[in-house]
Amino acid sequence: MKTNTLILFVKTYRPDFERTQNLLNSIEKHNKENIPVVISVNDVDFDFFNEHIDHYKIIKDSEIFFSDQKDGWRYQQIIKANVYRLGICENYLCIDSDSEFIRDFYYSDFMYDDKTPYTIMHESKSFLEKMENIGIDSEKIFFKEALRATRPFFGNKGKEWDYGPSPYLWSCKVWEHLIEVYLKEQNKSFEDFFNEIDKITSPSECVIYGEYLLKTKLIDIYPIDEFFKVYHYEKQYNIEKKFHNIEKLKKNYLGIIFQSNWRKKRKKFLLFK
C-alpha cells in the first residue's frame with residue numbers, strides 16, 4: 001500500500017457490523033475526493049468482514065500491533081495509537097463505527113495544507129455547560145480526569161484542553177515519535193505508559209496524543225473544534241432534540257454520533273423525525 005497524506009481509519013468488530021455498514025454508506029455518499037478508507041477488525045472477525053465488505057480495505061488488528069489487553073475499550077485505544085506502523089499514511093482520521101457523516105467532506109476539512117492536519121484542541125465550554133445541565137460535575141468529566149493524570153508525565157501546564165471528541169485527527173509523526181523515541185528512551189512500551197496512567201484513572205488516547213504534541217510541537221498546531229455532533233448521554237439528547245434538525249447540524253458539523261448504549265434502543269435518524 002502506498003503512503004497517503006490522509007486516510008479514514010475505522011476500528012471495529014463484529015458486534016458493530018451493522019453500525020459499520022451505516023458509517024460506510026455515509027462515507028460512500030459524502031467522500032467527494034475519495035479519501036482512502038482502511039478498516040481494522042479483531043483478528044477473529046476478519047473473515048466475516050472480508051466476506052461482507054468488498055470495496056474497502058480490511059485488515060486484521062494484528063497487522064498493526066499485537067496486544068493481549070483483555071478490556072475491549074482499552075484494547076481498541078492501543079490499536080488506534082499504533083496505526084503509524086502500517087506505513088500507509090502520514091495522517092489519519094480515526095472514526096468509530098457509531099459515527100455517521102451527514103454532509104460532503106474534502107481533504108480541506110482535515111488538512112491545513114498538504115502536510116499539516118488540523119488539531120482538535122479547545123476548551124469545550126459548551127459541552128461542559130451541557131454536562132452541568134444534566135447533573136454531571138464538569139470538573140470530574142472524563143477528558144479532564146485523563147488530562148490531569150497524563151499531563152505530569154510530559155510536564156505540560158496551562159489550559160485544560162479537550163482533544164476530542166471522536167473522530168480524532170492524528171499525525172503518524174506524533175505517535176511514532178512518542179513510541180519510538182520518547183518512550184523507547186525510557187525503556188517503556190506504549191502499553192507500559194498506558195498502564196501507568198491507568199493506575200491513576202482511565203487513560204485516553206486522544207489526551208496522550210494531544211499532550212505529547214503540545215510538549216513537542218512536532219507539527220504546527222492549528223486548533224479546531226470537534227468534527228461531529230456527539231450525543232454522549234440520553235439526558236443530553238432529550239434536552240437538545242427539539243432544537244436540532246439535519247439541515248441545521250450540517251452547517252456546523254460533518255457528522256453525528258450517538259455514543260452511549262441507549263442509542264441501540266432508538267431507530268436510525270430518530271433525531272430528525
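Residues numbered from 1 in each chain as written. Predicted model: local features only at pLDDT ≥ 70, side-chain atom pairs only at ≥ 80, totals over all residues. Heavy atoms only, no water.

> What exactly am I supposed to notice about helix α1 (residues 17-30) here?
For an α-helix the count is 3.6 residues per turn, leaving residues at separations of three or four pointing the same way. End to end, α1 covers 20 Å across 14 residues, agreeing with the expected 20 Å (1.5 Å per residue, within 8%). Phe17, Arg19, Thr20, Asn22, Leu23, Leu24, Ser26, Ile27 and His30 are the residues of α1 that are buried. Contact partners of the buried residues in α1: β1 (7-12), β2 (37-41), α2 (46-52), β4 (91-96) and β5 (99-101). (Helix = DSSP H or I, 4+ residues; strand = E, 2+ residues; numbered from the N terminus. Expected span 1.5 Å × (residues − 1). Buried < 20%, exposed > 50% of the residue type's maximum accessible area, 1.4 Å probe, protein only. Contact = heavy atoms within 4.5 Å.)

> When you look at the pattern of salt bridges in this model, what are you seeing that I'm missing?
Should their charged atoms come close, side chains of opposite charge can pair. For the coordinates displayed, the defined rule picks out 16 salt bridges. Arg19 serves as the salt-bridge partner of Asp16, at 3.4 Å between the closest nitrogen and oxygen. Each member of the pair Asp16 and Arg19 is classed as buried. When salt bridges with common partners are traced through the structure, they connect Glu139, Lys144, Arg148 and Glu160 into a single cluster. (Salt bridge = Lys/Arg side-chain N within 4 Å of Asp/Glu carboxyl O.)

> Help me understand the environment of Phe127, please; the structure alone is not making it clear to me.
Structurally, the position occupied by Phe127 is in helix α5 (residues 125-133). We classify Phe127 as buried; its relative accessible area is 17%. For the pair Phe127 and Val230, spaced 103 residues apart in sequence, the C-alpha to C-alpha distance is 9.7 Å. For Phe127, the contacting residues outside a window of four places in its chain are Ile141, Phe143 and His232.

> Explain the environment of Lys157 here, please?
Residue position: Lys157 is located in the loop between α6 (142-154) and β7 (168-171). As for Lys157 and Lys215, which are separated by 58 residues in sequence, their C-alpha atoms are 9.6 Å apart.

> So what exactly am I meant to see when it comes to the packing of helix α7 (residues 172-185) against helix α9 (residues 205-216) here?
In helix packing, the relevant descriptors are the interaxial angle and the interaxial distance, both defined with respect to the helix axes. Direction vectors running N to C along α7 and α9 enclose 80 degrees, while the axes themselves pass 10 Å from each other. Taken together, α7 and α9 sit at an angle that is classed as roughly perpendicular. Here Val174, Trp175, His177, Leu178 and Tyr182 of α7 come into contact with α9, specifically with Glu205, Ile208, Tyr209, Tyr212, Leu213 and Lys215. Here the contact of α7 with α9 is built from residues that sort into 8 nonpolar, 1 polar and 2 charged. (Axes fitted to C-alpha atoms, helices over the stretch in contact; angles between N-to-C directions. Parallel < 35°, antiparallel > 145°, perpendicular 65-115°, else oblique. Nonpolar A, V, L, I, M, F, W, Y, C, P; charged D, E, K, R; others polar.)

> Where do I start with the nonpolar core in this structure?
Tyr92, Trp175, Leu178 and Phe190 are the most contacted members of the largest nonpolar core, which has 44 residues in total. With 31 residues, the next largest nonpolar core counts Val10, Ile39, Phe49 and Phe228 among its residues. (Core = buried A, V, L, I, M, F, W, Y, C linked by side-chain atoms within 4.5 Å.)

> I would appreciate a short explanation of α5 in the present structure.
Within α5, burial applies to Phe127, Leu128 and Met131. All buried residues of α5 fall inside an arc of 100 degrees around its axis, so they share one side. Away from its buried face, by an angle of more than 90 degrees, α5 presents the exposed residues Lys125, Glu129 and Asn133. If you follow the buried residues of α5, they end up packed against α6 and α10 (234-240). (Arc of directions from axis to C-beta.)

> Explain the sheet that holds β4 to me, please; I cannot follow it from the model alone.
To summarise the sheet geometry, strands pair through backbone hydrogen bonds and adopt either a parallel or an antiparallel arrangement. With mixed pairing, the 5 strands of this open sheet are ordered in space as β3-β2-β1-β4-β7. One side of each edge strand has no neighbouring strand; the edge strands of this open sheet are β3 (57-60) and β7. Neighbour-to-neighbour, the strand axes of the sheet open up by a mean angle of 30 degrees, direction not taken into account. Where helix α4 (residues 72-81) meets the sheet, its contacts fall on β1, β2, β4 and β7, and the angle it forms with β1 comes to roughly 155 degrees. Lying on the sheet, α7 is in contact with β4 and β7; it crosses β7 at an angle near 65 degrees. (Pairing = 2+ DSSP bridges.)

> Can you help me understand the side chain of Ser26 in this one?
Inspection of the secondary structure assignment puts Ser26 in helix α1. On the basis of relative accessible area, Ser26 is assigned to the buried category, the value being 5%. Looking at Ser26, its side chain comes within polar contact range of the main-chain oxygen of Leu23, at 2.7 Å. (Polar contact = N/O pair within 3.5 Å; in protein donor to acceptor, adjacent residues only side chain to side chain.)

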